[in-house]
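Listed here are the chains, written in short residue letters.
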Amino acid sequence: MNSKKAYIAGGCFWGMEELFRKQPGVIDTEVGYMGGENANPTYENHSGHAEALEITYDADKTNFKAILNFFFCIHDPTTVNRQGNDLGSSYRSAIFYQNDEEKKEAEHMILKVNDSGRWQQPVATTLEPFKEFYPAEDYHQDYLEKNPGGYTCHFVRFGSY
């Protein structure tokens, strides 16, 4: 197996994880924190960190472009620091790229989403270099599997871009 990882943020990590876990080629998902100021963040103390998702995928069955495509189909990438009822930088839309190839792919996908005309506002998703992923507490992992009636603002809004 040719496993790779992708790191994204698009609002509450519970809903993102629930939808991504079912995608073809996705091997595993883990929710956590990225892009902030403090080491070893917690839910109560994650200043500047986004609620993020680590996606482990089989590169022989899917790719970074497909991950990004689905990402832009399941959240509103035009809001700054907001998804649904969730407000603050924890809920920003971000792609944490690991290399120049991923950065270029993300830039291309943002242009494609903007050019699609599906959104009234331009994409506000930030591109941030990968630094470190901090796994969230155990009770956040697989949250919507454990709590099927739990809150989520994520759903498939569009088909492929």
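None of these values were measured; they are calculated from a predicted model. (Residues numbered from 1 in each chain as written. Predicted model: local features only at pLDDT ≥ 70, side-chain atom pairs only at ≥ 80, totals over all residues. Heavy atoms only, no water.)

A. Layout of helix 3 (residues 100-116). The end-to-end C-alpha separation of helix 3 is 24 Å, in line with the 24 Å expected for 17 residues at 1.5 Å each. Listing the buried residues of helix 3 in full gives Glu102, Ala106, Met109, Ile110 and Val113. Looking straight down helix 3, one finds that the buried residues subtend no more than 105° of arc, so they occupy a single side. In helix 3, the exposed positions that point more than 90 degrees away from the buried face belong to Asp100, Glu101, Lys104, Leu111 and Asp115. Sitting at the amino-terminal end of helix 3 is Asn99, which places a side-chain oxygen 3.1 Å from the backbone nitrogen of Glu101. Among the residues trailing helix 3, Gly117 stands out with phi positive, at a value near 75°. (Helix = DSSP H or I, 4+ residues; strand = E, 2+ residues; numbered from the N terminus. Expected span 1.5 Å × (residues − 1). Buried < 20%, exposed > 50% of the residue type's maximum accessible area, 1.4 Å probe, protein only. Arc of directions from axis to C-beta. Polar contact = N/O pair within 3.5 Å; in protein donor to acceptor, adjacent residues only side chain to side chain.)

B. Summary view of the packing of helix 1 (residues 13-20) against helix 2 (residues 64-74). One can describe the packing of helix 1 onto helix 2 by two numbers: an axis separation of 11 Å at closest approach and a directional angle of 130°. With respect to their mutual orientation, helix 1 and helix 2 come out oblique. As for how helix 1 packs across helix 2, the hand of that crossing is right-handed. Along the contact surface, helix 1 presents Met16, Leu19 and Phe20, while helix 2 presents Ile67, Phe70, Phe71 and Ile74. Looking at the contact of helix 1 with helix 2 residue by residue, the class counts come to seven nonpolar, no polar and no charged. (Axes fitted to C-alpha atoms, helices over the stretch in contact; angles between N-to-C directions. Parallel < 35°, antiparallel > 145°, perpendicular 65-115°, else oblique. Left-handed = near helix turned anticlockwise from the far one by under 90°. Contact = heavy atoms within 4.5 Å. Nonpolar A, V, L, I, M, F, W, Y, C, P; charged D, E, K, R; others polar.)

C. Representation of the pattern of salt bridges in the model. Overall, the coordinates contain seven salt bridges when judged by the stated rule. Lys22 serves as the salt-bridge partner of Glu18, at 3.3 Å between the closest nitrogen and oxygen. Close ionic contact of Arg21 with Asp142 constitutes a salt bridge, the shortest N to O distance being 3.1 Å. Taken together, the positions of Arg21 in the loop between helix 1 and strand 2 (26-34) and Asp142 in the loop between strand 8 (134-135) and helix 4 (143-146) put the pair 121 residues apart, joining distant regions of the chain. According to the relative accessible area criterion, Asp142 is partly exposed, its value standing at 25%. What you see here is one network of salt bridges that share partners, running through Glu17, Glu18, Arg21, Lys22, Asp142 and Glu145. (Salt bridge = Lys/Arg side-chain N within 4 Å of Asp/Glu carboxyl O.)

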